[in-house]
Amino acid sequence: MAGRIAKELEEARRWEGARDVRPLDGNVRRWGGLLLPNNPPYNTGAFRFELTFSPNHPLEPPRATLRTPIYHPSVDPEGRVCQPLTAHAHWEHTTRAIQVLQDLLLQLDSPDPGRVLRPDVARELQERPEEFRRRAEEHTRLHAEPRPEPRT
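Only a predicted model underlies this, so the values are computations on that prediction, with no experimental measurement involved.

Engineer: Help me out: how do you make sense of the overall build of the chain in this one?
Structural biologist: Looking only at helices and strands, the chain features four helices and four strands. The order of α-helices and β-strands along the chain, N terminus first, is α-β-β-β-β-α-α-α. In terms of its C-alpha atoms, the chain occupies a principal-axis envelope of roughly 45 × 40 × 25 Å. Buried positions account for 45% of the 152 residues belonging to the chain. In the chain, the share of contacts with a sequence separation of at least 24, taken over all contacts with a separation of at least 6, comes to 56%. Here the chain displays about 8100 Å² of accessible surface, and carbon together with sulfur accounts for 49% of that area.

This is the structure in structure tokens:
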């Protein structure tokens, strides 16, 4: 299935929601790149991600990890992401890698307190949204990478 993954890598490279998508260490089963959120509080930065494919892909889902620290209810401090799309119970072998990345970007753009890995942050988002936004913006300012120039 390395052929399918290579084809999907080319599709991901053309997608506007990410930049610098490439195999890590020459391994087509391990990608890295930058996600570019569209909405506050994360849209002032770029977030490094890693997408890892099992040897059984597409029968098993890939694993998405954020390598850039982010203040988000669905991402734990180690960068693991609560992403139901890639849970074994929901995974469909026809799902493409670009769909996994699009789902991840949607999660960053619209934090969902129902997808929780950090209950304290989810509670803050629900009960004190202005405080959540302030902390997320500050965290983004401190940790996110600069956004690349728009493609021409």
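Engineer: Hey, could you run me through the nonpolar core in this one?
Structural biologist: Across soluble globular proteins, nonpolar side chains have a tendency to be buried as a group. Residues W31, L35, F49, L51 and L66 are the most contacted members of the largest nonpolar core, which totals 32 residues. Broken down by element, the residue count for this core peaks at seven residues, all from helix α2 (residues 97-109). Aside from chain neighbours lying at most four places away, what touches L66 is L35, F47, R48, F49, V75, E78, G79, V81, L104 and L108.

Engineer: Sorry, what's going on with the side chain of E50 here?
Structural biologist: Residue placement: E50 occurs in strand β3 (residues 47-52). A polar contact is formed between the side chain of E50 and the side chain of R30, at a distance of 3.0 Å. Setting aside residues no more than four positions away along its own chain, E50 makes contact with L24, R30, W31, G32, R63, A64, T65 and R67.

Engineer: Teacher, can you tell me more about the pattern of salt bridges here?
Structural biologist: Here the idea is simple: oppositely charged side chains can pair when their charged atoms come close. For the structure on display, the rule yields 19 salt bridges. Notably, a salt bridge pairs R13 with E10, separated by 2.8 Å at the nearest N-O pair. Here R13 and its partner E10 are both found in helix α1 (residues 2-14), three residues apart, which amounts to about one turn of the helix. Given the relative accessible area of 33%, R13 is considered partly exposed. For E10, a relative accessible area of 36% gives the class partly exposed. Measuring nitrogen to oxygen at the nearest pair gives 3.6 Å for the salt bridge that ties E124 to R128.

Engineer: Quick question: what am I supposed to make of the sheet that holds strand β1 (residues 18-24) here?
Structural biologist: Sheet strands line up and pair through hydrogen bonds in the backbone, either parallel or antiparallel. The four strands are arranged β1-β2-β3-β4 in an open sheet whose pairing can be described as antiparallel. Only two strands of the sheet have a single neighbouring strand rather than two, namely β1 and β4 (63-66). Each adjacent strand pair in this sheet contributes to an overall mean axis angle of 20°, direction not counted. Relative to β4, β3 is paired through four bridges, and the arrangement is antiparallel. Bridged to E50 within β4 is T65. Sitting on the sheet, α1 is in contact with β1 and β2 (27-35), with an inclination near 15° to β2. Relative to the sheet, α2 contacts β2, β3 and β4, its axis offset from that of β2 by approximately 30°.

What counts and what doesn't
- Residues numbered from 1 in each chain as written.
- Predicted model: local features only at pLDDT ≥ 70, side-chain atom pairs only at ≥ 80, totals over all residues.
- Heavy atoms only, no water.
- Helix = DSSP H or I, 4+ residues; strand = E, 2+ residues; numbered from the N terminus.
- Buried < 20%, exposed > 50% of the residue type's maximum accessible area, 1.4 Å probe, protein only.
- Contact = heavy atoms within 4.5 Å.
- Areas by Shrake-Rupley, 256 points an atom, 1.4 Å probe, with all protein chains shown as cover.
- Core = buried A, V, L, I, M, F, W, Y, C linked by side-chain atoms within 4.5 Å.
- Polar contact = N/O pair within 3.5 Å; in protein donor to acceptor, adjacent residues only side chain to side chain.
- Salt bridge = Lys/Arg side-chain N within 4 Å of Asp/Glu carboxyl O.
- Pairing = 2+ DSSP bridges.
- Axes fitted to C-alpha atoms, helices over the stretch in contact; angles between N-to-C directions.

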